[in-house]
Amino acid sequence: MLLNWTVMILYNYFNAMFVGPGYVPLGWTPEKSQDCTYLQYCKVCQSYKAPRSHHCRKCNRCVMKMDHHCPWINNCCGYQNHASFTLFLLLAPLGCIHASFIFIMTMYTQLYNRISFGWSSVKIDMSAAKRDPRPIIPFGLSAFAASLFALGLALGTTIAVGMLFIIQMKVILTNKTSIESWIEEKAKDRIQYYQTGETFIFPYDMGSKWKNFKQVFTWSGVPEGNGLDWPVRDGCHQYSLTIEQLKQKADKRVRSVRYRAVEDYSGVCCPVTKGVKTFFTTPCTEEPRIALSKGDLILATRGLKHWMYGEKILDSAAGGGIRERGWFPRKCVEKCPYDSETDQPVDGEKKNR
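Residues numbered from 1 in each chain as written. Predicted model: local features only at pLDDT ≥ 70, side-chain atom pairs only at ≥ 80, totals over all residues. Heavy atoms only, no water.

### Notes on the packing of helix α2 (residues 82-112) against helix α3 (residues 141-173)
Rules: Lines fitted to C-alpha atoms define the axes here, with helix axes fitted over just the stretch in contact, and angles between the N-to-C directions of these axes take values from 0 to 180 degrees. Secondary structure elements follow DSSP: runs of H or I no shorter than four residues count as helices, runs of E no shorter than two count as strands, and numbering proceeds from the N terminus. Angular relationships are summarised with four words: roughly parallel below 35 degrees, roughly antiparallel beyond 145, roughly perpendicular across 65 to 115, and oblique for the angles in between. Handedness of a crossing is defined here by the sense of rotation of the near helix relative to the far one, left-handed for an anticlockwise turn of less than a right angle and right-handed for a clockwise turn. Under this grouping Gly is polar, as are all residues other than the nonpolar Ala, Val, Leu, Ile, Met, Phe, Trp, Tyr, Cys and Pro and the charged Asp, Glu, Lys and Arg.
Two numbers describe how α2 lies on α3: the axes approach to 8 Å, and their chain directions differ by 150 degrees. The angle between α2 and α3 falls in the class roughly antiparallel. α2 and α3 meet at a crossing whose hand is left-handed. The class makeup of the residues in the contact of α2 with α3 is 22 nonpolar, eight polar and no charged.

So, in structure tokens, the structure goes:
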């Protein structure tokens, strides 16, 4: 049984790793040229981003139905390997539960056979069993310690990976990826902030958990569709989500604030020279840090108390279309004074968007 668990776990693990999520073809454009106005353009891949696809910095490609980049499989979780990745998250805790049961029963049996009850004390002799004949497999103090350590690993894996499985099943049953759940939350915030009165409906939820489940898990093992075109629920547009992404991108440009670097920053994760608070409050995220030189201009879009996230303003000739985005210490920059009224949108303009 343990061998069966191991084979199934490793099969789905390597399947998720080597099959990959599926990438948008380089230079891809929609069949209808007018649909390009609803899509974002990726300068790295030199193609439009298909619906539900996102560019991964680690893979350096646009990933179809990207959920997240998983460091444990060294690949993205997306359209083609979502089922294998989720099965791995299910089978690993089940195998660990089985192993935990074996470890617990083994230690219980071995300890029970080595306990001596006295009038005033209980003694455990790990050298040999008191009741049973000589065991086929010796079980001494080192074996007990190894079994206890393995039990801790099995229980830890069961809890940690089991929680990831629950999270993945939630997004599968609603037919949303982790990124799309975040986009939906930002859509609600945008509508509430500008008070536009519109209602955002997630277009890919089929309205039935079973139908959403079948979008990922099939008997053939191949997910439905081609990863570029997706069925949508009644009343929704094929590009409803991408249109919302363009609105959020425009809104982010409106809300961004220009800063100028007043100190050099090397781009290290935990800078020692920028203060103790900056060192210990570094953002716990895989997002990159950007190096700054004194005088650099940055458009900041969000921030924490001691850190900010933004994009460095580069010359079109020098940048070559490459965008430098990431975190940097708030201590290294100062807010630029606005040169004209057009640089800063007024409150009335924001509310009327």
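Text resumes after the structure shown.
### Remarks on unusual backbone geometry
The criterion, for reference: When accessible area is computed with a 1.4 Å probe and restricted to protein chains, residues below 20% of their type maximum are described as buried, those above 50% as exposed, and intermediate ones as partly exposed.
Non-glycine residue Arg-52 carries a positive phi angle of around 75 degrees. The phi torsion at Lys-65 lies on the positive side, around 50 degrees, for a residue other than glycine. Of the residues examined, Lys-65 reaches a relative accessible area of 6% and is grouped as buried.

### Observations regarding the packing of aromatic side chains
Ring pairs (aromatic) are described by centroid distance and by the angle formed between their planes. Heads up, the condition is: Any two of the Phe, Tyr and Trp rings considered here, Trp counted by its six-membered ring, make a pair once their centres fall within 6.5 Å; the pair's planes then place it as stacked at under 30 degrees, edge-to-face at over 60, or tilted in between.
According to the stated counting rule, one finds 12 aromatic pairs in the structure shown. The interplanar angle of 15 degrees and the centroid separation of 5.7 Å between the aromatic rings of Trp-210 and Phe-213 together place this pair among those described as stacked. Of this pair, Trp-210 and Phe-213 both sit in helix α5 (residues 209-214), three residues apart, which is roughly one turn of the helix. Take Trp-210: its relative accessible area is 55%, and that puts it in the exposed class. Taken together, a centroid distance of 5.0 Å and an interplanar angle of 85 degrees make the contact between Phe-279 and Phe-280 edge-to-face. Look at Phe-279 and you get partly exposed, because its relative accessible area is 28%. Its relative accessible area of 63% is what places Phe-280 among the exposed residues.

### What about the environment of Gly-295?
Cut-off, in case you're wondering: By the convention used here, residues are in contact when the closest approach between their heavy atoms is within 4.5 Å.
Residue position: Gly-295 is located in the loop between α7 (276-280) and β10 (297-303). A relative accessible area of 33% places Gly-295 in the partly exposed class. Taking the C-alpha atoms as reference, Gly-295 lies 9.5 Å from Tyr-259; in sequence the two are 36 residues apart. In contact with Gly-295, other than residues within four places in its own chain, are Arg-260 and Ala-261.

### Regarding empty space enclosed by the protein
In plain terms, the rule: Here a cavity means grid points, on a 1 Å grid over the protein atoms only, where a 1.4 Å probe fits yet cannot get out; a pocket means an open set of points with protein on both sides within 12 Å along at least five of seven lines; lining residues are those with an atom within 4 Å of a point. Grid points are joined across faces, edges and corners, and a volume is the space filled by probe spheres set on the points. Domain limits in this description derive from either an automatic procedure or a database domain assignment.
Within this structure, the stated rule accounts for two cavities of 30 Å³ or more. Here the largest cavity is characterised by a volume of approximately 40 Å³. Surrounding the largest cavity, Leu-39, Gln-40, Lys-49, Ala-50, Pro-51, Arg-52, Ser-53, Thr-242 and Gln-245 form its lining. The calculated volume of the second largest cavity comes to roughly 40 Å³. Forming the boundary of the second largest cavity are Lys-65, Gly-78, Tyr-79, His-82, Gln-215, Val-216, Pro-223, Glu-224 and Trp-230. Of the residues contributing to the lining of the second largest cavity, the split by class is four nonpolar, three polar and two charged. Looking at which domains feed residues into the lining of the second largest cavity, each of domain 1 (1-19 + 82-119 + 135-255) and domain 2 (20-81) gives three or more.

### Structural notes on the state of the cysteines
As a reminder, the rule being used: The disulfide criterion used throughout: a pair of cysteine sulfur atoms within 2.5 Å.
With the rule as written, the count across this model stands at zero disulfides. Not part of a disulfide, Cys-70 finds its nearest cysteine sulfur in Cys-77, a span of 7.6 Å. The class of Cys-77 is buried, set by a relative accessible area of 0%.

### Points about the environment of Leu-91
Within the secondary structure, Leu-91 sits in helix α2. Given a relative accessible area of 11%, Leu-91 falls into the buried group. C-alpha separation for the pair Leu-91 and Thr-158, spaced 67 residues apart in sequence, amounts to 9.8 Å. Non-local contacts of Leu-91, meaning those with residues more than four positions away in its chain, are made with Trp-5, Met-8, Ile-9 and Asn-12.

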